[in-house]
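Observations on chain architecture
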Amino acid sequence: MTETRNPADEVGILITRPRSYLIFRSVFTLGRSASLNRKLTALSGVQAGDRVADIGCGPGDLVRRLAERTGSGGSVTGVDPAPEMVRYASAHSRHLGNCAFELAPAQTLPLLDSSVDVVTCTFVMHHIPEAQRPAAVAHMFRVLRPGGRLLLADTHPHGRILPAVLRAMGRSAGRKTHDHAAIGPDADPVAALDIRRYRELLAQTGFRDIEFSAVRPVTGVLRAVKPG
């Protein structure tokens with residue numbers, strides 16, 4: 001999986017190899033990627049006829065699952081800052097008539113105000129520069145209609161083994177967390193990915209009914225509502 005930093009545009013970390021990313025995610029979710037997409041779709045509350053935006057859509061597999069749920073009366077727009085992902089997702093979604101894809105980062109969404117019923121954003125927040133995350137959440141709030149629903153998800157390994165593996169990977173690779181702090185005794189990569197850290201930001205932005213749930217084996221989910 002190739003990651004590219006684009007600090008000049010303040011986009012953050014781009015993943016530019018769709019197939020490599022799909023393989024990596026399949027391994028990391030213990031082969032449960034399809035099952036995870038089904039669970040995330042159900043947790044999002046998407047209904048037939050809904051208009052949906054999937055932010056940081058990557059190769060588009062969740063977009064396609066959401067599109068099946070919305071049916072022909074609804075639509076799903078996938079947004080991603082990597083041209084490679086947009087091309088791949090578009091090419092693999094042609095059989096569905098209710099999908100579209102846009103090239104843009106989360107912090108400058110090219111969608112109209114109050115234009116969607118549901119926003120999903122999965123395994124993306126840690127790729128956005130920390131200073132840009134409030135702007136990204138503000139745009140999600142902006143594009144949701146009153147009463148619309150938000151789903152954020154990220155890595156949330158359960159038990160003792162998976163968190164230990166993630167921490168070991170960070171230390172052995174000598175990498176930096178997506179908060180740009182060196183991984184070491186005082187920098188926990190598991191905490192850096194914890195989606196619960198955005199509770200306060202969601203509340204400050206105006207979201208209400210903020211709820212956390214865990215999807216085994218490696219996913220944490222925050223759900224929230226834009227007041228109607």
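Residues numbered from 1 in each chain as written. Predicted model: local features only at pLDDT ≥ 70, side-chain atom pairs only at ≥ 80, totals over all residues. Heavy atoms only, no water.

In terms of residue burial, helix α3 (residues 61–70) counts as a mostly covered element, since seven of its ten residues are buried. Looking only at α3, the buried set comprises Asp61, Leu62, Val63, Arg64, Leu66, Ala67 and Thr70. (Buried < 20%, exposed > 50% of the residue type's maximum accessible area, 1.4 Å probe, protein only. Helix = DSSP H or I, 4+ residues; strand = E, 2+ residues; numbered from the N terminus.)

Averaged over all residues, the pLDDT of the protein is 84; the fraction at 70 or higher stands at 80%. Across residues 1–9 the pLDDT falls below 50, and counting only partners more than four positions away or on other chains, this stretch makes 23 contacts in the model. (pLDDT = per-residue confidence, 0-100. Contact = heavy atoms within 4.5 Å.)

This next bit is on helix α1 (residues 18–28). Since there are 3.6 residues in each turn of an α-helix, residues three or four apart along the chain are aligned in direction. What α1 keeps buried is the set Pro18, Tyr21, Arg25 and Phe28. Down the axis of α1, the sector holding all buried residues measures 90°, keeping them to one side. What points out from α1, more than 90 degrees from its buried face, is the exposed set Arg19, Ile23 and Val27. (Arc of directions from axis to C-beta.)

The sheet contact formed by strand β4 (residues 75–80) and strand β5 (residues 99–103) spans five bridges and is parallel. Counterpart to Val76 in the pairing with β5 is Cys99. The handedness of the β4 to β5 crossover, carried by helix α4 (residues 83–91), is right-handed. (Pairing = 2+ DSSP bridges. Right-handed = clockwise from strand over helix to strand, strands pointing away.)

Core analysis: the biggest nonpolar cluster contains 27 residues, and Ile55, Val119, Met125, Met140, Leu150, Leu152 and Leu202 have the highest contact counts within it. For this core, the secondary structure elements donating two or more residues are β3 (51–55), β6 (116–122), α5 (133–143), β7 (144–155), α8 (199–205) and β9 (219–225). Per element, the largest residue contribution to this core is four residues, and it comes from α5. Sequence-distant contacts of Met125, defined by excluding residues within four places in its chain, comprise Arg133, Val137, Met140, Leu152, Asp154, Ile195 and Tyr198. In terms of nonpolar packing, the next biggest core, distinct from the first, is built from 14 residues, Val52, Val63, Leu96 and Val118 among them. (Core = buried A, V, L, I, M, F, W, Y, C linked by side-chain atoms within 4.5 Å.)

Tallied over the full model, the rule gives seven salt bridges. With a shortest N-O distance of 3.4 Å, Glu68 and Arg65 are connected by a salt bridge. Of this pair, Glu68 and Arg65 are both found in helix α3, three residues apart, which corresponds to roughly one turn of the helix. In this structure Glu68 comes out as exposed when scored by relative accessible area, which is 51%. (Salt bridge = Lys/Arg side-chain N within 4 Å of Asp/Glu carboxyl O.)

As a packed pair, helix α2 (residues 33–44) and α3 sit with axes 10 Å apart at the nearest point and diverge in direction by 50°. As summarised for this structure, α2 and α3 are arranged oblique, according to the angle between their axes. α2 and α3 meet at a crossing whose hand is right-handed. In this structure, α2 uses Asn37, Arg38, Thr41, Ala42 and Ser44 to contact α3, whose residues at the interface are Asp61, Leu62, Arg65, Leu66 and Arg69. For the contact of α2 with α3, the per-class residue count stands at three nonpolar, three polar and four charged. (Axes fitted to C-alpha atoms, helices over the stretch in contact; angles between N-to-C directions. Parallel < 35°, antiparallel > 145°, perpendicular 65-115°, else oblique. Left-handed = near helix turned anticlockwise from the far one by under 90°. Nonpolar A, V, L, I, M, F, W, Y, C, P; charged D, E, K, R; others polar.)

It is worth spelling out the packing of aromatic side chains at this point. Within this structure, the stated rule accounts for one aromatic pair. Taken together, a centroid distance of 5.0 Å and an interplanar angle of 90° make the contact between Phe141 and Phe207 edge-to-face. Note that Phe141 is positioned in helix α5 and Phe207 in the loop between α8 and β8 (208–215), a separation of 66 residues in sequence. The ring of Phe212 carries the charged tip of Arg196 above its face, separated from the ring centre by 4.8 Å. (Phe/Tyr/Trp six-rings, centres within 6.5 Å; stacked < 30°, edge-to-face > 60°. Lys NZ or Arg CZ within 6 Å of the ring centre and 35° of its normal.)

Attention now goes to the sheet that holds β7. Spatial ordering of the open sheet is given by β5-β4-β3-β6-β7-β9-β8, a layout of seven strands whose pairing is mixed. Sheet topology places β5 and β8 at the edges, where each strand pairs with a single neighbour. On average, adjacent strands in this sheet sit at an angle of 15° to one another, irrespective of strand direction. Relative to β7, β6 runs parallel, the two being bridged by six bridges. By the bridge assignment for β7, Thr122 is matched with Ala153. Its contacts with the sheet put α4 on β4 and β5, and the angle it makes with β5 is roughly 170°. Along the sheet, α5 contacts β3, β6 and β7; its crossing angle with β7, the most-contacted strand, is approximately 145°.

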